[in-house]
Amino acid sequence: MKVLIRQALIADPQSPFYNSTSDILIENGKVSAIGTGISAGDAQVIEAEGLVLSPGWLDVFSHFNDPGLEYKETLETGAEAAAKGGYTDVMVIPNTNPVVHNKTAVEYLVRKSAQLPVRLHPIGAISKNAEGKDLAEMYDMHNSGAVAFSDGVKPVQQAGIMLKALQYVKAFDGVVIQVPDDTSVGANGLMNEGIVSTRLGLPGKPIIAEELMVARDIKLARYTGSKLHFTAVTSAKSLEYIQRAKSAGLPVTCSVTPYHLYFCDEDMVEYDSNLKVNPPLRTAADRDALREAVRNGLVDCIASHHLPQDEDHKVLEFEYAQPGMLGLQTAYAVVQTVLPDLPADQVARLFSINPRGIFGFQPIVVEEGAPARFTLFAKQPWTLEEHEIASLSKNTPFTNVPLEGKVFGIINGNQVYLNS
């Protein structure tokens, strides 16, 4: 394989070619030359106006539903969606059937994903069956390839179990991921509790359910000294707690979803079940606080929270619809749309450099001799049409919505995946 990328802005602060517009020649899965006026020869040429090249993006929270729930998504369709969205690597959550809570399940995912255009990295369950009662085989899963630990869409409720998990991962410098939600608070809530929920006649989920969990788990992280990552943070107060934890030197990090940056509870007046997510969409003030936290660097990375739901579980009365939406194909475009001044190097940090550092991945540096694992994108108008959705499910509110960010494709070793 021989590929020549012409005149791309290199958005990699780690690279000696950072912020230069250069040609990049890739041969046999490695960068062989970076410069200007490189001859193409028999290489496949990639060029586009405003093209940017960054280290390959890593998503930290996606559901690919295999094994057991393949009617929603398969490893193949999920990987294709990820590649179209610019991801070379995806961390998949353990909420499958059976749950990924032992080394056999981890090895199954590692083995099955070997031939995919995107590398999949299993997140092992903290507890057996993700039930929050007994610790799973965390050390064995780590040795088999689990890159982090979480009960995924079922946040750990018992402080004692969370404490044990944080203590356990210290043996191998692991990371625990938590969706901060005290499920005993507003257990029947369908959306954010507030003026809008009252007007729509829907039971609300108080934002304090998140803030209580963030405060509790930060105290547990302080006690154990272990690495803790909050994902799908939605509250301005939660961000304050996380900022204090970071200022105190605690190994606490966080991610937000693109859809919590784009939407707020006021967008739910049409009862669109695609907007039913967990944690729910919050107020416009909280949404704006999330945007500012991305701008100023408090938010470490973007997590797509790609949660496919088939029509039988999504296209029905709002009360009965399952939470979640697709996220991988539109993640960058949505973030660039709501933050139009976000520079390319910060995109690289949010989507690649920071998450790789948090979860102990080998850094990817754009330099000669380095393995080619890159994402190609540009700040250009783009619209997702329904026929372009690669996922098996179609639950996204972003179909036919004008966005300001386009992914051209990925290069992952010897594999080149370009959007048509």
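Keep in mind that this is a model prediction, so the values were computed, not measured.

Caption draft 1: Spotlight on the pairing of strand β16 (residues 373–378). Counting buried positions along β16 gives six out of six residues, so the element sits mostly inside the fold. Where strand β5 (residues 52–55) lies against β16, four bridges are found, and the strand directions are antiparallel. Directly across from Ser 54, in β16, lies its bridge partner Thr 375. Here β16 runs beside strand β17 (residues 406–412); their pairing, made up of six bridges, is antiparallel. In the strand pairing of β17, Thr 375 is matched with Ile 410.

Caption draft 2: View of the packing of aromatic side chains. Inspection of every chain in the model, using the stated rule, returns 12 aromatic pairs. Look at Trp 57 and Phe 377: their rings are 5.2 Å apart centre to centre, the planes differ by 50 degrees, and that puts the pair in the tilted class. Highlighted residues: Trp 57 in strand β6 (residues 57–62) and Phe 377 in strand β16, separated in sequence by 320 residues. For Trp 57, a relative accessible area of 0% translates into the label buried. Residue Phe 377 is classed as buried on the basis of its relative accessible area of 1%.

Caption draft 3: Focus on the pattern of salt bridges. The full count for this structure, using the stated rule, is 15 salt bridges. In this structure, Lys 237 engages Glu 240 in a salt bridge whose closest nitrogen and oxygen atoms are separated by 3.4 Å. Of this pair, Lys 237 and Glu 240 both sit in helix α7 (residues 236–247), separated by three residues, roughly a single helical turn. For Glu 240, a relative accessible area of 36% puts it in the partly exposed group.

Caption draft 4: Region of interest: empty space enclosed by the protein. Following the criterion strictly, the structure yields four cavities of 30 Å³ or more and no others. Approximately 60 Å³ is the volume found for the largest cavity. Lining the largest cavity we find Ala 81, His 306, Leu 326, Gly 327, Leu 328, Gln 329, Thr 330, Leu 384, Ile 389, Ser 391 and Thr 396. Each residue belonging to the lining of the largest cavity can be placed in one class, and the counts come to five nonpolar, six polar and no charged.

Caption draft 5: Main features of the packing of helix α6 (residues 208–224) against α7. Two numbers describe how α6 lies on α7: the axes approach to 9 Å, and their chain directions differ by 10 degrees. Judged on the interaxial angle alone, α7 and α6 are roughly parallel. Here α6 contributes Glu 210, Glu 211, Val 214, Ala 215 and Ile 218 to the contact with α7, which in turn contributes Lys 237, Ser 238, Tyr 241, Ile 242 and Ala 245.

Caption draft 6: Structural context of the environment of Leu 200. Considering the arrangement of structural elements, one finds Leu 200 in helix α5 (residues 195–200). Using a relative accessible area of 12% as the deciding quantity, one classes Leu 200 as buried. In the structure, Leu 200 is positioned 71 residues away from Tyr 271 in sequence and 8.5 Å away in space, judged by C-alpha atoms. Setting aside chain neighbours within four positions, we find Leu 200 in contact with Met 191, Met 268, Val 269 and Tyr 271.

Procedures and definitions
Residues numbered from 1 in each chain as written. Predicted model: local features only at pLDDT ≥ 70, side-chain atom pairs only at ≥ 80, totals over all residues. Heavy atoms only, no water. Buried < 20%, exposed > 50% of the residue type's maximum accessible area, 1.4 Å probe, protein only. Helix = DSSP H or I, 4+ residues; strand = E, 2+ residues; numbered from the N terminus. Pairing = 2+ DSSP bridges. Phe/Tyr/Trp six-rings, centres within 6.5 Å; stacked < 30°, edge-to-face > 60°. Salt bridge = Lys/Arg side-chain N within 4 Å of Asp/Glu carboxyl O. 1 Å grid on protein atoms, 1.4 Å probe; cavity = no way out; pocket = protein on both sides within 12 Å on 5 of 7 lines; lining within 4 Å. Points joined across faces, edges and corners; volume = space filled by probe spheres on them. Nonpolar A, V, L, I, M, F, W, Y, C, P; charged D, E, K, R; others polar. Axes fitted to C-alpha atoms, helices over the stretch in contact; angles between N-to-C directions. Parallel < 35°, antiparallel > 145°, perpendicular 65-115°, else oblique. Contact = heavy atoms within 4.5 Å.

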